[in-house]
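Coordinate analysis (summary)
For reference, the chains in residue letters:
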Amino acid sequence: MEQTTLADPPGGLAGEEAKRRGLRKMKLVALAFLLGATLVFALTSWAQAAGWSGWVGYVRAAAEAGMVGALADWFAVTALFRRPLRLPIPHTAIIPTKKDQLGSSLGDFVGTNFLSEQVVRDKLRRADIARRLGEWVAQRENAERVTSELATVVRGAVTVLRDEDVQAVLEQAVVRRVVERPWGPPLGKLLEQVFADGAHYKLVDLVCDRAYEWVRDNHNTVLRVVSDRAPSWSPKFVDSMLADKVYGEVLSFAWAVKTDVNHPMRLALDKFLGEFAQDLQRDPDTMARAEQVKQQLLDPPDVQKLIGSAWTTAKGMLLSAAEDPSSELRRRVRDGLASLGDRLCTDDGLRSKVDGWLEGAAAYVVTHYSREITTIITDTVERWDAEETSRKIELQVGRDLQFIRINGTVVGALAGLLIYSIAEAVF
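Just so it is clear, the structure is predicted and the values come from calculations on it, not from any experiment.

**Description of the packing of aromatic side chains**
- Enumeration over the complete set of coordinates arrives at 7 aromatic pairs.
- Between the aromatic rings of Y58 and Y420, the centroid separation amounts to 5.0 Å while the plane-to-plane angle is 85°, which identifies the pairing as edge-to-face. Of this pair, Y58 sits in helix α2 (residues 55-81) while Y420 sits in helix α18 (residues 386-426), and the two are 362 residues apart along the sequence.
- You can call Y58 partly exposed: its relative accessible area is 31%.

**Overview of the UniProt feature "transmembrane region" (unreviewed entry) in the chain**
- As annotated by UniProt and renumbered to match this structure, "transmembrane region" (unreviewed entry) occupies residues 28-49, 61-81 and 403-423.
- Secondary structure across residues 61-81 divides into 100% helix and 0% strand, with the first and last C-alpha atoms of the span separated by 31 Å.
- With 100% helix and 0% strand, the stretch residues 403-423 has end C-alpha atoms that lie 30 Å from each other.

**What to know about unusual backbone geometry**
- In this structure, R86 is a non-glycine residue whose phi angle is positive, near 60°.
- Within the element layout of this structure, R86 appears in the loop between α2 and α3 (94-97).
- We note that A93 has phi near 50°; this positive angle belongs to a residue other than glycine.
- Mapped onto the fold, A93 is located in the loop between α2 and α3.

**Notes on the packing of helix α9 (residues 184-197) against helix α13 (residues 264-282)**
- Where α9 contacts α13, the axes come no closer than 7 Å and their chain directions differ by 155°. Considered as vectors, α9 and α13 are oriented roughly antiparallel to each other. At the point where α9 passes α13, the crossing takes the left-handed sense. Seen from α9, the contacting residues are G184, P185, L187, G188, K189, L191, E192 and F195; seen from α13, they are L273, G274, F276, A277, Q278, L280 and Q281.
- Its residues placed into classes, the contact of α9 with α13 shows 8 nonpolar, 5 polar and 2 charged.

**Regarding the environment of A338**
- Residue placement: A338 occurs in helix α16 (residues 328-346).
- Under the relative-accessibility criterion, A338 is labelled buried at 4%.
- Put simply, A338 and A143 are 195 residues apart on the chain and 5.8 Å apart in space, counted from C-alpha to C-alpha.
- Not counting residues within four places of it along the chain, the set of residues in contact with A338 comprises V137, A138, R140 and A143.

**Focus: the packing of α2 against α18**
- Viewed as axis vectors pointing N to C, α2 and α18 meet at an angle of 155°, and their least axial separation amounts to 6 Å. In terms of orientation, α2 and α18 fall into the roughly antiparallel class. For the pair α2 and α18, the sense of crossing is right-handed.
- Along the lines of polarity and charge, the residues of the contact of α2 with α18 split into 16 nonpolar, 10 polar and 4 charged.

**Digging into the nonpolar core**
- If you look at the biggest cluster of nonpolar residues, it comprises 6 residues: L191, F195, L273, A277, L280 and A290.
- Among the secondary structure elements, those contributing two or more residues to this core are α9 and α13.
- It is α13 that contributes the most residues to this core, 3 residues altogether.
- Not counting residues up to four positions away in its chain, the partners in contact with L280 are G184, P185, L187, G188, L191, T286, M287 and A290.

Reading the values: the criteria
- Residues numbered from 1 in each chain as written.
- Predicted model: local features only at pLDDT ≥ 70, side-chain atom pairs only at ≥ 80, totals over all residues.
- Heavy atoms only, no water.
- Phe/Tyr/Trp six-rings, centres within 6.5 Å; stacked < 30°, edge-to-face > 60°.
- Helix = DSSP H or I, 4+ residues; strand = E, 2+ residues; numbered from the N terminus.
- Buried < 20%, exposed > 50% of the residue type's maximum accessible area, 1.4 Å probe, protein only.
- UniProt positions renumbered as here; feature names shortened; annotations may be inferred.
- Axes fitted to C-alpha atoms, helices over the stretch in contact; angles between N-to-C directions.
- Parallel < 35°, antiparallel > 145°, perpendicular 65-115°, else oblique.
- Left-handed = near helix turned anticlockwise from the far one by under 90°.
- Contact = heavy atoms within 4.5 Å.
- Nonpolar A, V, L, I, M, F, W, Y, C, P; charged D, E, K, R; others polar.
- Core = buried A, V, L, I, M, F, W, Y, C linked by side-chain atoms within 4.5 Å.

Here it is as structure tokens:
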């Protein structure tokens, strides 16, 4: 497996060097305590051999116990990071040899105690994210900042997308789906609903009004049509009289259709439209004709040109609106964000919904993906170089661990003095 090293601590090389100096200093202090206890032990041992008595025994016992405590704690601290004196003593160099197990245990600990659904829900509930988010985004400068970031994202996304890719996606997602589905049944069902609700009456009224107005305003056209179709042997005055008669009848018919909602022409039109809606759903010939019309409308070259033109126009509009701080789009987004922030501050119902959505989303993530999240810890630790990991960790916490050696010396000396005192008193 490829080995990686731990990242440098905050502060870079200067910070690492300062920690290294501090670690060396504390190691010298701890060593000085051990050497001091050793020196006292040697002097008191000499004094006892020379015949001194009384207090010398107490000091010698304290120094001896202090030496033992200092050596034991030196061994314990050193065994965390390396083998003491390079001796192959079992259960030493714990961090280098147990690195992977420690990473796995750390991942399990984090997953159990920090990525549980109850813990995440409780933390989010106490954080009151919706209110804090609302208070922040309600400020105009923050809303403007978010809008600018969104505009940057939009510009980046639109710039990165290739026109041919967008056109292919639109054609695949929209046009092909439209082409693949038959138009007849859904269109017939839609028209049937429209006709049943009477929504088409306004359109029929408009057509009747326009037909009447056209007949009324085109008297000469009607006369010319009738005259042109009259026999060549017919006298002109007869043609003129016949044309006037035809024009009058057509105008009266158009007026009747326009003013009478129950006119037979209107009723016949309603019947025709109803039957047409039914035929679109059930008649094979009508459905086939609808498919032919669809194929003509969605001719591939024309559709591709339409999609390309639409995307080019939309792309230009988006880029222009995103780059202009005073554009209508950015203004609406900015005002919308500020309004949303105000609502999150004042609307308890909306705030509860947002908090609920956040809790639900976080709970779903930790419930279904906590193992994948903790795997980041275990996999990262596994990739670390063992020796480098040990050195880095010692650099971070080794200075504080030296106090264990100092305390071991002091506490050992006190314990030795106490034990010697009790022994002298009892025996």
